[in-house]
Amino acid sequence: MPAPNIFDSSDPTLFSFPSHAPGPAGALPITAGQLRHWPSGHLFGWALNAGMGLPPEKLGAPEYLILSTHGGLRAPDGSPIALGYHTGHWEVSLLVDAAAREFDTLHAIPFAGYCSDPCDGRIQGTPGMFDSLAFRNDAAIVFRRLIRCLPTRRGVLGVATCDKGLPAMMMALAGSSSLPGILVPGGVTLMPTKGEDAGKIQSINSRFSVGEVTLEEAAEALCHTCASPGGGCQFLGTAATSQVVAEALGLTLPHAALAPSGQPIWLDMARRSARALNALDELNLPLNKILTQSSIENALVLHAAFGGSTNLIMHLAAVAFSAGLTRPAVADWVRVNRLIPRLVDCLPNGPANHPTVQVFMAGGVPEVMLHLRRAALRKTLRDRDGIDPENVIMAPGAAKAKGLTATVCFPTGNLAPGGSVIKSTSIDPSVIDPDGVYRKKGPARVFTRELDAIEAVKSGSIQPGDIIVLICRGPLGSGMEEVYQLTSALKHISYGKHIALITDARFSGVSTGACIGHVTPEALAGGPTGKLLDGDTIEITIDRNTLEGAINVLDVDLAARPPRPGLAPDPNLPDDTRLWALLQHLSGGTWAGSVYDLDAIARLPLGAPSPGDSHLCPKSASTPNPVANPHVDTA
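Notes on the structure follow.

Observations concerning the overall build of the protein chain
Here is step 1 of the chain: Check the secondary structure of the protein chain and you find 21 helices and 14 strands.
Here is step 2 of the chain: Scaling as 2.2 N^0.38, a compact globule of 635 residues should have a C-alpha radius of gyration of about 26 Å, and the protein chain matches this with 26 Å.
Here is step 3 of the chain: For the C-alpha atoms alone, the extent of the protein chain along its principal axes is close to 85 × 65 × 60 Å.
Here is step 4 of the chain: Within the protein chain, the fraction of its 635 residues that count as buried is 54%.
Here is step 5 of the chain: Counting contacts in the protein chain only where the partners sit at least 6 residues apart, residues at least 24 apart contribute 75% of the total.
Here is step 6 of the chain: Counting only carbon and sulfur atoms, one obtains 58% of the accessible surface of the protein chain, whose full area is about 26,800 Å².

Focus on the packing of helix 4 (residues 132-148) against helix 5 (residues 165-174)
Here is step 1 of the chain: Direction vectors running N to C along helix 4 and helix 5 enclose 45 degrees, while the axes themselves pass 8 Å from each other. Judged by the angle between their axes, helix 4 and helix 5 are oblique. Here helix 4 and helix 5 pass one another in a crossing that is right-handed. Two secondary-structure elements touch here, helix 4 through R136, N137, A139, A140, F143, R144 and I147 and helix 5 through G165, P167, A168, M169, M171 and A172.
Here is step 2 of the chain: Counted by class, the contact of helix 4 with helix 5 contains nine nonpolar, two polar and two charged residues.

Focus: the pairing of strand 1 (residues 63-68)
Here is step 1 of the chain: Where burial is concerned, most of strand 1 is hidden: six out of the six residues are buried.
Here is step 2 of the chain: Of the two faces of strand 1, the one lined by E63, L65 and L67 and the one lined by Y64, I66 and S68 are each fully buried.
Here is step 3 of the chain: As defined by bridge partners, strand 1 adjoins strand 5 (residues 153-160) across six bridges and the pair is classed as parallel. Of the residues in strand 5, the one forming a bridge with E63 is R153.

What to know about the sheet that holds strand 12 (residues 515-516)
Here is step 1 of the chain: A sheet is described by the order of its strands in space; here six strands give the open sequence 12-11-10-9-13-14, paired in mixed fashion. Both edges of this open sheet fall to strand 12 and strand 14 (548-553), since each of them pairs with a single strand only.
Here is step 2 of the chain: Pairing between strand 11 (residues 500-503) and strand 12: two bridges, direction parallel. What sits directly across from L501, in strand 12, is C515.
Here is step 3 of the chain: Contacting strand 10 (467-470), strand 11 and strand 12, helix 19 (residues 484-492) crosses the sheet at an angle of about 165 degrees to strand 11.

Here we look at helix 3 (residues 92-105)
An α-helix turns once per 3.6 residues; consequently, residues spaced three or four apart project the same way.
Here is step 1 of the chain: Counted at 1.5 Å a residue, the expected span for helix 3 with its 14 residues is 20 Å, and the 20 Å between its end C-alpha atoms agrees.
Here is step 2 of the chain: Residues of helix 3 that are buried include every one of V92, S93, L95, V96, A98, A99, A100, E102 and F103, and no others.
Here is step 3 of the chain: Those residues of helix 3 that are buried lie in contact with strand 1, strand 2 (73-74), strand 4 (109-114), strand 5, strand 6 (181-185) and helix 9 (264-282).
Here is step 4 of the chain: Phi turns positive one or two residues past the end of helix 3, at H107, with a value near 60 degrees.

Calculation rules
Residues numbered from 1 in each chain as written. Predicted model: local features only at pLDDT ≥ 70, side-chain atom pairs only at ≥ 80, totals over all residues. Heavy atoms only, no water. Helix = DSSP H or I, 4+ residues; strand = E, 2+ residues; numbered from the N terminus. Rg over C-alpha atoms; globule rule 2.2 N^0.38 Å. Buried < 20%, exposed > 50% of the residue type's maximum accessible area, 1.4 Å probe, protein only. Contact = heavy atoms within 4.5 Å. Areas by Shrake-Rupley, 256 points an atom, 1.4 Å probe, with all protein chains shown as cover. Axes fitted to C-alpha atoms, helices over the stretch in contact; angles between N-to-C directions. Parallel < 35°, antiparallel > 145°, perpendicular 65-115°, else oblique. Left-handed = near helix turned anticlockwise from the far one by under 90°. Nonpolar A, V, L, I, M, F, W, Y, C, P; charged D, E, K, R; others polar. Pairing = 2+ DSSP bridges. Expected span 1.5 Å × (residues − 1).

Right under this line is the structure:
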């Protein structure tokens, strides 16, 4: 077969192009004062606007910037020309379009800029996960730069959906709080009529490996799980929780979080948000009048009432820092979670596991705030889906009667002297003692790579009673990767509830079970988990009533035991993420939001090491790890 000719299309008419063009008709409506006093950039900006086709007579109207995480390229009929990374950003261009057209009806000039985002689901179990959390800071920087580089913008409308893009957008808006700003959440995808949600489906390979599903069942379920083309996942993971928190912060219109992507009510929200931003501008109400310390408290309360993702411990702190507000400390999370009952029954927390779109139909954030009890959507949920909205978003007494407990617990102990986190409400009730306490004592099975740990689960070598300890996966080791491959397997394999997990990595918001993450200090920063050996006896106690917990190794003198051999960052850790790990470490670490605190960094003497610097991402010279998919080139 002859090679295609890529150097010449053999079409002589292609060379029939001009070297000059007349340009737009008319003249710009500039004044002598503008010519005399404006920066040259303002004047040239008008020339650019006219060159892009804006009629000259429209110049001088208010300019608003629409930023989004849109990815991929859709045809007008919705079919893919080039795929995005995930459904969450696949349709947000429709929100940009709706908002932009609304600005036009308001006689304003919309601009649009983009910075797409990755999908944590797509990169589970691959070296792509090493870039995931670090990407959030990069995207926030890009968004802030785009805001500053349109000096004539009067306000910013951000459109975003998923795990890193939405927290990055919140950080960017919070960091530009002298401007009016508003957030348009990208919504959620619908559940399949028959099939599994996007959280459960990610355990399909582990369930197949231990013989709990067939090849045919897996193939059909994987095809149907993303039942609509756009929106974040159907469960209250990091993406959905970020939408809830954004609304609680006052960054969105009421009842904006968790709207069904692609539906008229979703597009209407974008149009109303454009009108709201215009009104905020006319009223001279910048975000710093809305995003206050009380907003941070509101977000903590709503997070507890919904039972949200533990990843928001980092993201909410980062938003507060970006706004110049006090970051919530662990003590604040503990206080609020002990005070505020969980009122929402949503995947993955149960007991009935309603999808996020049904939480929206039950009234969403405003209903949890007890303002929309008589909303028409609640009647629709009852009439169409046959679900009583009172069983989705409950009054405190009803929630208590159904056994809903507060969500987040922060265990300490000799293995986590700096703290850790567990979504205690999601531990399987059948392994909780009658007094509401989870107690487990078992042998440690220690791994330094997620690939090895998940292979042990798939092969059946991890047995009921074992406690998996996964180390070297914190910021210094792997960029604090998300290990949902493991947590989803333990949730959905029939005997997984009898296995626990302790790690210095982080979890997806849909993670459930006795999974303890965020262990501090991490192994590579001298943490005690770096001294554990296979067979060490670990004791875990989680009191779901008092939200107190501990993880301890028994009968081991940790002070006398040296670190185990083989502790090292992942050899595939990118230099970009090593830089992120260093900067966030010097800025207070993950509990402080994994931000870049330049004042804290600047206080360090130049050339002087800070505590723990000897552990900061030494470049490993060992052979790169093999990847799960031999066809993926990680070079």
